[in-house]
Amino acid sequence: DAGVTQSPTHLIKTRGQQVTLRCSPKSGHDTVSWYQQALGQGPQFIFQYYEEEERQRGNFPDRFSGHQFPNYSSELNVNALLLGDSALYLCASSLWGEQYFGPGTRLTVT
Amino acid sequence: AQSVTQPDIHITVSEGASLELRCNYSYGATPYLFWYVQSPGQGLQLLLKYFSGDTLVQGIKGFEAEFKRSQSSFNLRKPSVHWSDAAEYFCAVGAGNAGNMLTFGGGTRLMVKP
């Protein structure tokens, strides 16, 4: 079992650009959640996808959007990037109960 | 709204000494509580969780935590710390179904002296 995988590992973008991050859940898991972790802080919930629908959303602007595919993998899209979007983006998958986290994607906005 | 407070930003202990990391939560109903550990540049690994039942829960790597409803606390303990325990520790609270959104504390960075 490969666990939760995320791609890419790192990327650097310029202010105003758009970015797409990808997540493959743990085998058998049907729910994917995304979190943003700024440097020196705890992760903050962005949103959660289940059955290809956004089920819950945290306090993030509409620039943050997502998608879940029939195979349960997911994408996080961020438009009009700001310097403050620089962070580690974590994906977590779950079936019932605890969430399993991937290694994250480090996004740097310059 | 749910919230989590980890009062200690940094803690330094000597190898072999005991450890207690504090966590206080705010949540209107029975919470689902978690402790995660994060090594530099890595994702989060679940140490232990509390859903219901026995208030003293055992986790991996020799960690345990005790849920105290009267104090709204879920402190993490380890009787003897190893140098490999140096990492960032996060307490989190979940609502309803434990697979729902987690609210994390700000984390406690643990340093271990030889």
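See the structure above.
Reading the values: the criteria
Residues numbered from 1 in each chain as written. Chains lettered and ligands numbered in written order. Predicted model: local features only at pLDDT ≥ 70, side-chain atom pairs only at ≥ 80, totals over all residues. Heavy atoms only, no water. Helix = DSSP H or I, 4+ residues; strand = E, 2+ residues; numbered from the N terminus. Rg over C-alpha atoms; globule rule 2.2 N^0.38 Å. Buried < 20%, exposed > 50% of the residue type's maximum accessible area, 1.4 Å probe, protein only. Contact = heavy atoms within 4.5 Å. Pairing = 2+ DSSP bridges. Axes fitted to C-alpha atoms, helices over the stretch in contact; angles between N-to-C directions. Core = buried A, V, L, I, M, F, W, Y, C linked by side-chain atoms within 4.5 Å. 1 Å grid on protein atoms, 1.4 Å probe; cavity = no way out; pocket = protein on both sides within 12 Å on 5 of 7 lines; lining within 4 Å. Points joined across faces, edges and corners; volume = space filled by probe spheres on them. Nonpolar A, V, L, I, M, F, W, Y, C, P; charged D, E, K, R; others polar. Buried area = accessible area lost by both parts, 1.4 Å probe. Salt bridge = Lys/Arg side-chain N within 4 Å of Asp/Glu carboxyl O. Polar contact = N/O pair within 3.5 Å; in protein donor to acceptor, adjacent residues only side chain to side chain.

(A) Highlighting the overall build of chain A. Counting its secondary structure elements, chain A contains 0 helices and 11 strands. Secondary structure elements of chain A occur, N-terminal to C-terminal, as β-β-β-β-β-β-β-β-β-β-β. For 110 residues, the compact-globule estimate of 2.2 N^0.38 gives 13 Å, and the C-alpha radius of gyration of chain A, at 13 Å, lies within 12% of that figure. The principal-axis extent of the C-alpha atoms belonging to chain A is close to 35 × 25 × 25 Å. Within chain A, buried positions represent 47% of all 110 residues. Long-range pairs, those at least 24 residues apart, make up 52% of the contacts in chain A between residues at least 6 apart in sequence.

(B) Main features of the sheet that holds strand E7 (residues 64-68) of chain A. Residues and elements named next belong to chain A. The strand order across the open sheet formed by 4 strands is E1-E3-E8-E7, and the pairing between neighbours is antiparallel. In this open sheet, the two strands that pair with only one neighbour each are strand E1 (5-7) and E7. Taken over all neighbouring pairs, the strand axes of this sheet differ in orientation by 20° on average, direction set aside. Judged from the 3 bridges that link them, E1 and strand E3 (residues 19-24) form a sheet pairing that is antiparallel. Paired with Gln6 across the two strands is Cys23, which belongs to E3.

(C) Spatial organisation of the nonpolar core. Core analysis: the largest hydrophobic core is formed by 26 residues, its most contacted members being B:Leu19, B:Trp35, B:Leu47, B:Leu48, B:Phe74, B:Leu76 and B:Tyr89. Elements represented by at least two residues in this core include exactly strand E2 (10-14), strand E3 (19-21), strand E5 (32-38), strand E6 (45-50), strand E8 (64-68), strand E9 (73-78), strand E10 (87-94) and strand E12 (108-113) of chain B. For this core, the element with the highest residue contribution is E10(B), accounting for 4 residues. Not counting the four nearest positions on each side in its chain, B:Tyr89 is found in contact with B:Gln6, B:Leu21, B:Trp35, B:Tyr36, B:Val37, B:Leu47, B:Phe63, B:Leu76, B:Gly107, B:Thr108 and B:Leu110. In terms of nonpolar packing, the next biggest core, distinct from the first, is built from 20 residues, A:Cys23, A:Tyr49, A:Leu76 and A:Tyr89 among them.

(D) Here's a closer look at the layout of surface pockets. Taken as a whole, the largest pocket spans an internal volume of roughly 250 Å³. Residue lining of the largest pocket: 15 residues in total, with A:Gln37, A:Leu39, A:Arg106, B:Gln38 and B:Arg109 positioned closest to the centre. Split by residue class, the lining of the largest pocket holds 5 nonpolar, 7 polar and 3 charged. When its volume is computed, the second largest pocket comes out at roughly 180 Å³. Taken together, 13 residues line the second largest pocket, and the ones lying closest to its centre are B:Val37, B:Ser39, B:Gly43, B:Gln45 and B:Lys61. The residue makeup of the lining of the second largest pocket, split by class, is 6 nonpolar, 5 polar and 2 charged.

(E) How the structure looks around the environment of B:Thr30. Residues and elements named next belong to chain B. Positionally, Thr30 belongs in the loop between strand E4 (24-26) and E5. For Thr30, a relative accessible area of 41% translates into the label partly exposed. Sequence-distant contacts of Thr30, that is, excluding residues within four places in its chain, are made with Phe51 and Arg69.

(F) View of the interface of chain A and chain B. Contacts between the two partners involve 20 residues from chain A and, on the opposite side, 20 residues from chain B. When the two sides are added together, the surface that chain A and chain B hide from each other amounts to roughly 1,500 Å², 52% of it contributed by carbon and sulfur. Scanning the region where chain A abuts chain B turns up 0 salt bridges. Across the chain A-chain B interface, the total number found is 4 residue pairs in polar contact (both at pLDDT 80 or more). Of all elements in the fold, only strand E4 (31-37), strand E5 (44-50), strand E6 (53-57) and strand E9 (87-94) of chain A reach the threshold of two or more residues within the side of chain A that touches chain B. At 3 residues, the largest contribution of residues to the side of chain A that touches chain B is made by E9(A).

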